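# Fold and geometry: a report
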Amino acid sequence: MAAIPGRIKDEVVILGCHRDAWVTGGADPISGTVSLLEVVRGLGALIRQGWQPLRTILIASWDAEEHGLVGSTEFGEDFSEWIQAHAVSYINVDVSASGSRWNVAGSPSLAHLIKRSAQDVPHPTQANKTLWDARYDSGPYIGTQDAEFAQMWTRSNEVMNDSTVSLPPLGSGSDYTVFLQRLGIASSDQGFRYTPTDASYHYHSIYDSQTWQERYADPGFHRHVAVAKNLGLITLRLADSIVLPLNTTHYALELDSYVDTVEESAPDGDVLPKLDKLRRAISKLQKSSLKLDVEKEKAAKEFRKAIRRIARGRPGKYAIDRICNWIKVLLGYPPKDISELGRHVDRKHAWDIVGDFEQQSNTCKQRRRGPICDLIKAVARVRKVNQKLRLFEQGFLAEGGIKDREWYKHLGVAPGKYLGYGATTFPALFEAVVYDRNATLAKHETARLTKLIKALAKQLKA
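We now turn to the structure provided with this report. Bear in mind that the values here come from a model prediction, so they are computed numbers and not experimental data.

Our focus in this paragraph is empty space enclosed by the protein. All told, the structure shown has 4 cavities of 30 Å³ or more when counted by the stated rule. A volume near 50 Å³ is recorded for the second largest cavity. Looking at the lining of the second largest cavity, its residues break down into 7 nonpolar, 2 polar and 1 charged.

Cis geometry is found at the peptide bond from Asp28 to Pro29, where omega equals 10 degrees. The residue Pro29 is located in the loop between β2 (8-18) and α1 (30-48) in this model. Not every positive phi belongs to a glycine, and Phe221 is a case in point at roughly 60 degrees. Summarising the element assignment, Phe221 is placed in the loop between α7 (210-217) and α8 (222-240). With a relative accessible area of 29%, Phe221 lands in the partly exposed category. For Phe426, which is not a glycine, the phi torsion comes out positive at approximately 45 degrees. Inspection of the secondary structure assignment puts Phe426 in the loop between β8 (423-425) and α16 (427-434). Judged by its relative accessible area of 0%, Phe426 falls in the buried class.

The next thing to look at is the layout of surface pockets. Taken as a whole, the second largest pocket holds about 300 Å³ of empty space. Lining the second largest pocket are 15 residues, with Val243, Leu244, Pro245, Lys296 and Glu297 sitting closest to its centre. If you list the elements that add at least two residues to the lining of the second largest pocket, you get α4 (111-119) and α10 (276-312). Here the lining of the second largest pocket gets 5 residues from one element, more than from any other, and that element is α10. In the lining of the second largest pocket, the residues fall into 6 nonpolar, 4 polar and 5 charged.

Conventions adopted
- Residues numbered from 1 in each chain as written.
- Predicted model: local features only at pLDDT ≥ 70, side-chain atom pairs only at ≥ 80, totals over all residues.
- Heavy atoms only, no water.
- 1 Å grid on protein atoms, 1.4 Å probe; cavity = no way out; pocket = protein on both sides within 12 Å on 5 of 7 lines; lining within 4 Å.
- Points joined across faces, edges and corners; volume = space filled by probe spheres on them.
- Nonpolar A, V, L, I, M, F, W, Y, C, P; charged D, E, K, R; others polar.
- Helix = DSSP H or I, 4+ residues; strand = E, 2+ residues; numbered from the N terminus.
- Buried < 20%, exposed > 50% of the residue type's maximum accessible area, 1.4 Å probe, protein only.

Here it is, written out as structure tokens:
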């Protein structure tokens, strides 16, 4: 593991890929590791130019993923309190290239960030297109297909085409599992996957080799590069944005479709509980999130205004000296630290200096307000907003977890009980209705979800 210390010490972006393979692992995980190391190389180049991220970036190369996600899970369990107190998001890559089509899945709060970043990354092989367009790519080997399989493939793509922003939910099968489904950290995973018209991908076999990768999966490694660019861009935007680019409103709106799935999947009406209270709780969450969106804009605007107010005094030495001396007397910091504001009046340096002063913000209430107090107040407002955004995903965690699989704490999404890597939304409720067919249990799970979502709405309003 490696860390790049940020100016905000208690907010951390985690980026990871596993390094162990079943055999040679040309796609799984070598392609992902290659993209991850390219991101590391790019971050290193920025650091050599004097850059420092606003938030700390933690980079992980996990071991023993193929043995049951052991490395990441042990880390997550051992440092659960630290992760939940600091992690902003977990960005995973596993297989960068095993075919022609770019796939991405993740927490709904990351959907807009991921789409915007993918639209800023060029398509790996086609001019005038972006990585986002690669979601519809197919392989070069066209031939006769089994009719039933072709119909299934067409249906799955129709579902994707219906949504311009939404991401498929994450199930399991890679190292994001502990972060999302046990610790409640907004997570994502991406990479180019195989389609029916790609060369066969011999998953977890001796044929997943570097020769196969170079000849069939990604000749020229263009897809590796595209994934690295997107991973790097997402990481930078999470690390350097003043207000975290997490969209709770999109998440809250997605919850309606989760309820729809339960209703549509119910085997009979006798098992299905009344879901009107759950829907009303979701509606309250949506309204609270919309209000948070307004506060996000106001907090960012106030922060920029406070920075500009200090910057206006920078050209005049007298104004700078007045501010520096005022802070020195007020807060007792040596001139060397205070002068940083005069020399580097930008958002990062200001945050760095104010971070030291924030503990003493009560002093501003006792004396005449000034530009530094305005900045301290603006920083505190932004931090409060970011805290709500960061903790949103954790609002779906329930201590009792999911019936028969108590290790999974997330009641919003989990690996499907019989789906392998596939995801089930509102898993505890879905399984009570569809698999257990237990009306009493379904009613209990509905009440649990309703309570969680009401608490989450209240948390956003606080």
